[in-house]
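Here are the chains, one letter per residue:
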Amino acid sequence: MSVKQVPRPRAYRPRPNRPEQILAAACRVIQERGFAGTRISDIAREAGTSTGTIHYWFEVKDEVLTAALKWASEQLFARLDELAAGVDSERERLAQLLEASLPSTGPRRGEYMLWMELWVRALHEPSLMPECEGLSRRWRGFFFDTVRRGTGAGEFAPVTDPDDVADRLLALVDGLGFELLLGYEWTSPERMRAKMHAFAAEQLKLSPKSLARDARAAAAALGGGRG
């Protein structure tokens, strides 16, 4: 005797049996509503599960935020590591990092939004600072390692200590990224990209045209175009 197949409701989503599924849902909800406006029930609804399941993995909402940002960042870090294997120079690697810094569209914009939410929370909840610093240290390491390797290989001729130059690049990236994400009328992805390339070329004695050419390849590899 055959068993009649009962159709699933249209709102059905697979029950998350891994925290990664919950974190993906949390990223989407926090990006849409902001952390302050997000409830555990919102994340549960997006994930197609119960609040009890969320609390099984995470005791409080702050844990969800930091875990979601870690999860999103790891996706980017893994992609950057993968792309690094296909480049022939540290200049190309630098172009990849600068392009990944643009919070323009898609996953990169979403991740930057999560960063901003964590920064705001850390201002009022100092216990989150170690998590915030740990993630920042990993991201900073990409820049420091690239500038150091490029200098050691003779590709870069930094105007001062390589670590100081890496620090300056990161400060510029953070400042411009903040403006772009907020949507100030004087900024745009094109402006941010041009400013980053000009400053990196100046600080490391590079050809702006070569860096721009590498950035086009990096944009294609990272996905999302050059918007």
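Above: the structure in question.
Please read these numbers as outputs of a predicted model, since none were measured by experiment.

Participant: How should the pattern of salt bridges be read in this particular structure?
Facilitator: Close approach of charged atoms lets side chains of opposite charge pair. This model, assessed by the stated rule, comprises 15 salt bridges. The salt bridge partner of Glu179 is Arg191, with a shortest N-O separation of 3.5 Å. With Glu179 in helix α8 (residues 162–182) and Arg191 in helix α9 (residues 189–204), the pair connects residues that are twelve residues apart, well separated along the chain. Look at the salt bridges and you will find they share partners, linking Arg33, Arg39, Asp42 and Arg45 into a network.

Participant: For this particular structure, what's the right way to read unusual backbone geometry?
Facilitator: Among all residues save glycine, negative phi is the norm, and among peptide bonds the norm is trans. Phi at Lys205 is positive, roughly 55°, even though this residue is not glycine. The residue Lys205 is located in the loop between α9 and α10 (208–222) in this model. For Lys205, a relative accessible area of 54% gives the class exposed.

Participant: How should α8 be read in this particular structure?
Facilitator: An α-helix turns once every 3.6 residues. As a result, residues three or four positions apart point the same way. Compared with the 30 Å implied by 1.5 Å per residue over 21 residues, the 31 Å span of α8 between its first and last C-alpha is a close match. Regarding α8, the residues found buried are Pro162, Val165, Ala166, Leu169, Leu170, Val173, Leu176, Gly177, Leu180 and Leu181. One side of α8 holds all its buried residues, which, seen down the axis, span an arc of 145°. Among the structural elements, α5 (90–100), α6 (106–124), α7 (129–152) and α9 are those in contact with the buried residues of α8. Remark: Gly183 follows α8 within two positions and exhibits a positive phi of approximately 85°.

Participant: Mind showing me how you'd approach the nonpolar core here?
Facilitator: As a rule of thumb, soluble globular proteins bury nonpolar side chains together. Within the largest apolar cluster, 31 residues are counted, with the highest numbers of intra-cluster contacts made by Leu80, Leu94, Leu98, Trp139, Phe143, Leu169 and Leu204. Elements with a contribution of two residues or more to this core: α4 (61–84), α5, α7, α8, α9 and α10. For this core, the element with the highest residue contribution is α8, accounting for seven residues. Sequence-distant contacts of Leu94, that is, excluding residues within four places in its chain, are made with Thr146, Phe156, Leu169, Ala200, Leu204, Leu206 and Leu211. Formed by 25 residues, the second largest nonpolar core is a distinct cluster that contains Ile43, Ala72, Ala122 and Cys132.

Participant: Any chance you could explain the packing of helix α1 (residues 19–33) against helix α2 (residues 40–47) here in plain terms?
Facilitator: Any two packed helices are characterised by how steeply their axes cross, that is the angle between the axes, and by the distance between the axes. Between α1 and α2, whose axes approach to 8 Å, the crossing angle comes to 120°. It follows that α1 is oblique to α2 by the angle criterion. α2 is crossed by α1, and the crossing has right-handed handedness. Across the interface between the two elements, Ile22, Ala25, Ala26, Arg28, Val29 and Arg33 of α1 pack against Asp42, Ile43, Glu46 and Ala47 of α2.

Analysis parameters
Residues numbered from 1 in each chain as written. Predicted model: local features only at pLDDT ≥ 70, side-chain atom pairs only at ≥ 80, totals over all residues. Heavy atoms only, no water. Salt bridge = Lys/Arg side-chain N within 4 Å of Asp/Glu carboxyl O. Helix = DSSP H or I, 4+ residues; strand = E, 2+ residues; numbered from the N terminus. Buried < 20%, exposed > 50% of the residue type's maximum accessible area, 1.4 Å probe, protein only. Expected span 1.5 Å × (residues − 1). Arc of directions from axis to C-beta. Contact = heavy atoms within 4.5 Å. Core = buried A, V, L, I, M, F, W, Y, C linked by side-chain atoms within 4.5 Å. Axes fitted to C-alpha atoms, helices over the stretch in contact; angles between N-to-C directions. Parallel < 35°, antiparallel > 145°, perpendicular 65-115°, else oblique. Left-handed = near helix turned anticlockwise from the far one by under 90°.

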